[in-house]
2 protein chains.
Amino acid sequence: MSATGKRIVLASRPIGEPKPSDFRLEECPIPTPGAGEVLLRTIWLSLDPYMRGRMSEGPSYAQPVPIDGVMEGGTVSEVIASNNPAFTRGDIVLSRAGWQTHAVSDGKGLSKIDPNIAPISTAVGVLGMPGMTAYTGLLDIGKPQVGETVVVAAASGAVGSAVGQIAKIKGARAVGIAGGKDKCAYVKNELGFDDCLDHRDPDLAAKLKNACPKGIDVYFENVGGAVFEAVFPLLNAFARVPVCGLIAHYNDTQAVAPKWAPALMRNVLTKRLTIRGFIVSDFAARHGDFLRDMSAWVREGKVKHKEFVTEGLDSAPAAFMGLLKGANFGKQLVRVGPDKT
Amino acid sequence: MSATGKRIVLASRPIGEPKPSDFRLEECPIPTPGAGEVLLRTIWLSLDPYMRGRMSEGPSYAQPVPIDGVMEGGTVSEVIASNNPAFTRGDIVLSRAGWQTHAVSDGKGLSKIDPNIAPISTAVGVLGMPGMTAYTGLLDIGKPQVGETVVVAAASGAVGSAVGQIAKIKGARAVGIAGGKDKCAYVKNELGFDDCLDHRDPDLAAKLKNACPKGIDVYFENVGGAVFEAVFPLLNAFARVPVCGLIAHYNDTQAVAPKWAPALMRNVLTKRLTIRGFIVSDFAARHGDFLRDMSAWVREGKVKHKEFVTEGLDSAPAAFMGLLKGANFGKQLVRVGPDKT
């Protein structure tokens, strides 16, 4: 073990798109765990769109990262020293250690990962927060019925890919939207969506209409922007719109009224739409159901997942900036350290 | 019985506010009921904001009234001739006979009203569609909890008055919004709302903030416009917004993006709002619960109601145009005929 670790802190709050100078890589002494504490070594760092929100001030469901604070993030970590009887050296745990190679924890909020059940990286992917976001948002708010049409964007990503595959399991028609030919082909051919459209296509609205001949019953909203504009006129009576993200807007420097805005409430009324925002922790009580179902679906090959890995903590800022533009193809992970030292 | 009846038909589709020439009063022979039919004499005609929607073409949850067609509406009617074994001369029934003195019905959709239980006019008011709209929207979508704050506009009207009083029964704080000093005083002093504000007050937003020191948990949306603008920034995390009407917009000739539009979806996400449109028939299964609870509350004096009556079918167009501007004070009814002939 080297005597120094590394961390990435928020150097400045981005205006619009984050740029490299908004992040700062620092070397720092590896901390020493105190009484009741454990020392964690990061193996996998998960990068997720919500982190853009944490870089900004302003009201949200969570506090922003302070300037000079370590960027937040979920990690898969190894316990490399323990003064806590609940943890042993060598334990693999799910943590919120953030963008750093090492962290100290009092054990609260850590959960052990069994490496024999599934690759440990899935604990921040299909069997973790993104998978559970898809599961709860789709099933508890979207409630797709047999024969209904479910639309989801970022369909090759960690959340969207699970949404469409779960929709198929429930007997619904799944239509994805993704960026580019390769992702669309993967979503259709590998993940088994009924159709997948390119959000860069200038004819997106017309093509989406063709792909949803019976309209849209569930739109799982994780992007906003042009996709919602195309979806909005196609929503059926009693359609449900779970909202868990708006990645198309996270870099907005000014808020502009969307094209659908003048007609929104009238449509909510006449079509009896349900629009409901959520974050995964709202459904904490469903964690057991999620793990049971999703583990089985992954094991049976009914839910496939793809990882997109960049190497080394240093790669995190560029990888994150890429994620906001859709440069990743699958769940974005940073390999911070080896599985075993 | 005179040999001729009267009816009011839609003469032309209004552009913006309906005007007298959009309606036409006609004399017509009183129809003769055929086999299995009954002849109805209208006693009370209910006027309700939704009727503005039926005057326009364009997508809604119901078909528009055709040009030259009788204006739609709920009525309390007397059976004055019956060829249907289910009904007897003298029965008082709830009907959708529309804006006319007489109508023929095959009996489908009629329901008998017991004049001994409550004044028969309540069947189109507090114990009818408006009351049930309040009951189901508030309880099944709004779900007010003890100590939460419920805001409703048109608070002296048929729906709003019931919403606030049911909120109080459920232990919530009820804040009404109404047009003018007299209505506000009635809502506070007679109906027992915790507060009531005048929507014409230029300081509405600031006053609403003062009246809701702990924010707003349920906003029962039946008006839109400036009221929703004032409400929107005060919505708490997990707030629920049942949407049953948008009377402020029914006369809009062009749709304009509301001030809250650029921030709507971001707030839906970060505050995990639920916005859900409904019409009362979506909750038909709750009719028994509604009648049981609301009848008891009215009997016990926990839900008070006020009627605003204009005399004669001829008065309906002016009364309806007034309703859209808030000229009524209480449930708007037209006395079309006497209780007994």
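Note that the coordinates shown come from a computational prediction; the quantities given were computed from them, not determined experimentally. (Residues numbered from 1 in each chain as written. Chains lettered and ligands numbered in written order. Predicted model: local features only at pLDDT ≥ 70, side-chain atom pairs only at ≥ 80, totals over all residues. Heavy atoms only, no water.)

Participant: Is there a simple way to think about the UniProt feature "domain: Enoyl reductase (ER)" (unreviewed entry) in chain A in this case?
Facilitator: The sites that UniProt annotates as "domain: Enoyl reductase (ER)" (unreviewed entry) are residues 16-334 of chain A. For residues 16-334 of chain A, helix accounts for 26% and strand for 24%, while the C-alpha atoms at its two ends are 24 Å apart. (UniProt positions renumbered as here; feature names shortened; annotations may be inferred. Helix = DSSP H or I, 4+ residues; strand = E, 2+ residues; numbered from the N terminus.)

Participant: Mind showing me how you'd approach the pattern of salt bridges here?
Facilitator: This model, assessed by the stated rule, comprises 50 salt bridges over all chains. For Lys108(A), the salt bridge is made with Asp106(A), and the minimal N-O distance between the two is 3.6 Å. Where Arg96(B) meets Glu72(B), a salt bridge forms, and the shortest distance between an N and an O atom there is 3.5 Å. Of this pair, Arg96(B) sits in the loop between β5 (92-95) and β6 (102-105) while Glu72(B) is found in the loop between α1 (50-54) and β4 (75-82), placing the two residues 24 residues apart along the sequence. Look at the salt bridges and you will find they share partners, linking Asp140(A), Arg286(A), Asp289(A), Arg292(A) and Asp293(A) into a network. (Salt bridge = Lys/Arg side-chain N within 4 Å of Asp/Glu carboxyl O.)

Participant: Got a minute to help me understand the relation of the copies chain A and chain B in this structure?
Facilitator: Mapping between the two copies of the chain is achieved by a rotation about an axis and a shift along the axis. Least-squares fitting of chain A to chain B yields an RMSD of 0.0 Å, with the transformation described by 0.0 Å of translation along the axis and a rotation of 180°. Expressed as a symmetry operation, the mapping of one chain copy onto the other fits a two-fold axis. Same-surface contact between copies: 100% of interface residues of chain A are shared with the interface of chain B. (Least-squares fit on C-alpha atoms with pLDDT ≥ 70 in both. Contact = heavy atoms within 4.5 Å.)

Participant: Is there a simple way to explain the sheet that holds strand β12 (residues 235-243) of chain A in this structure?
Facilitator: Strand pairing in a sheet is mediated by backbone hydrogen bonds. Such pairs are either parallel or antiparallel. Overall, mixed pairing links the twelve strands, which are arranged β10(A)-β9(A)-β8(A)-β11(A)-β12(A)-β13(A)-β13(B)-β12(B)-β11(B)-β8(B)-β9(B)-β10(B) in an open sheet. Looking at which strands have only one partner, the edges of the open sheet turn out to be β10 (195-198) of chain A together with β10 (195-198) of chain B. Put simply, the sheet's adjacent strands are angled 15° from each other on average, direction ignored. One ladder, built from four bridges, connects β12(A) with strand β13 (residues 274-277) of chain A; its direction is parallel. Counterpart to Arg240(A) in the pairing with β13(A) is Thr274(A). Contacting β8 (149-152), β9 (173-178), β10 and β11 (216-220) of chain A, helix α5 (residues 204-211) of chain A runs over the sheet at an angle of about 175° to β10(A). Each of β8 (149-152), β9 (173-178), β10 and β11 (216-220) of chain B touches helix α5 (residues 204-211) of chain B; the most contacted strand, β10(B), lies at about 175° to it. (Pairing = 2+ DSSP bridges. Axes fitted to C-alpha atoms, helices over the stretch in contact; angles between N-to-C directions.)

Participant: Where do I start with the nonpolar core in this structure?
Facilitator: In summary, soluble globular proteins display a tendency toward joint burial of nonpolar side chains. Residues Leu208(A), Tyr219(A), Trp99(B), Leu208(B) and Tyr219(B) are the most contacted members of the largest nonpolar core, which totals 85 residues. No other element matches the six residues that helix α9 (residues 316-324) of chain B contributes to this core. Non-local contacts of Leu208(A), meaning those with residues more than four positions away in its chain, are made with Val151(A), Val175(A), Ile177(A), Leu197(A), Ile216(A), Ala230(A), Val231(A) and Leu234(A). Within the second largest apolar cluster, 37 residues are counted, among which are Ala162(B), Phe278(B), Trp297(B) and Phe329(B). (Core = buried A, V, L, I, M, F, W, Y, C linked by side-chain atoms within 4.5 Å. Buried < 20%, exposed > 50% of the residue type's maximum accessible area, 1.4 Å probe, protein only.)

Participant: Please explain the environment of Ser121(B) as it appears in this structure.
Facilitator: Residue and element names in this part refer to chain B. Inspection of the secondary structure assignment puts Ser121 in the loop between β7 (111-112) and α2 (129-142). For Ser121, a relative accessible area of 5% translates into the label buried. Through-space distance from the C-alpha of Ser121 to that of Asp289 is 20 Å; in sequence the pair is 168 residues apart. Residues within four places of Ser121 in sequence aside, it is in contact with Trp44, Glu307 and Leu333.

Participant: Help me understand the side chain of Asn328(B), please; the structure alone is not making it clear to me.
Facilitator: Residues and elements named next belong to chain B. In this structure, Asn328 sits in the loop between α9 and β15 (331-335). Within the local environment of Asn328, its side chain forms a polar contact with the backbone oxygen of Gly330, the two atoms lying 2.9 Å apart. If we ignore the near neighbours within four places in the chain, the residues touching Asn328 are Lys183, Phe308, Gly322 and Leu323. (Polar contact = N/O pair within 3.5 Å; in protein donor to acceptor, adjacent residues only side chain to side chain.)

Participant: Is there a simple way to think about the domain arrangement of chain A in this case?
Facilitator: One widely used convention gives an interface's size as the accessible area the parts lose upon coming together. All names here are of chain A. In terms of domains, chain A is made up of domain 1 (4-124 + 305-335) and domain 2 (129-299). Here domain 1 and domain 2 have C-alpha centroids that lie 27 Å from each other. The partner domain 2 presents 13 residues to the 20 residues of domain 1 that form the contact. With both sides pooled, the region where domain 1 packs onto domain 2 buries about 1400 Å², and carbon together with sulfur makes up 66% of that total. Taken together, the connections running from domain 1 to domain 2 amount to zero salt bridges. The interface formed by domain 1 and domain 2 includes two residue pairs in polar contact (both at pLDDT 80 or more). Residue classes in the side of domain 1 that touches domain 2 are distributed as ten nonpolar, five polar and five charged. (Domains from an automatic or database assignment. Buried area = accessible area lost by both parts, 1.4 Å probe. Nonpolar A, V, L, I, M, F, W, Y, C, P; charged D, E, K, R; others polar.)

Participant: Sorry, what's going on with the pairing of strand β3 (residues 38-46) of chain A here?
Facilitator: Here is the key point about a regular strand: its side chains alternate between the two faces of the sheet. All names here are of chain A. Burial runs high along β3: nine of the nine residues are buried. With seven bridges connecting them, β3 and strand β4 (residues 75-82) associate as antiparallel partners. Each residue of the ladder has a partner; that of Leu45, found in β4, is Thr75. Looking at chain direction, β3 and strand β6 (residues 102-105) are connected through four bridges and run antiparallel. Note that in β6 the partner of Arg41 across the bridge is His102. Where β3 and strand β15 (residues 331-335) come together, three bridges link them in antiparallel fashion. Residue pairing for β15: Ser46 is matched across the bridge by Leu333.

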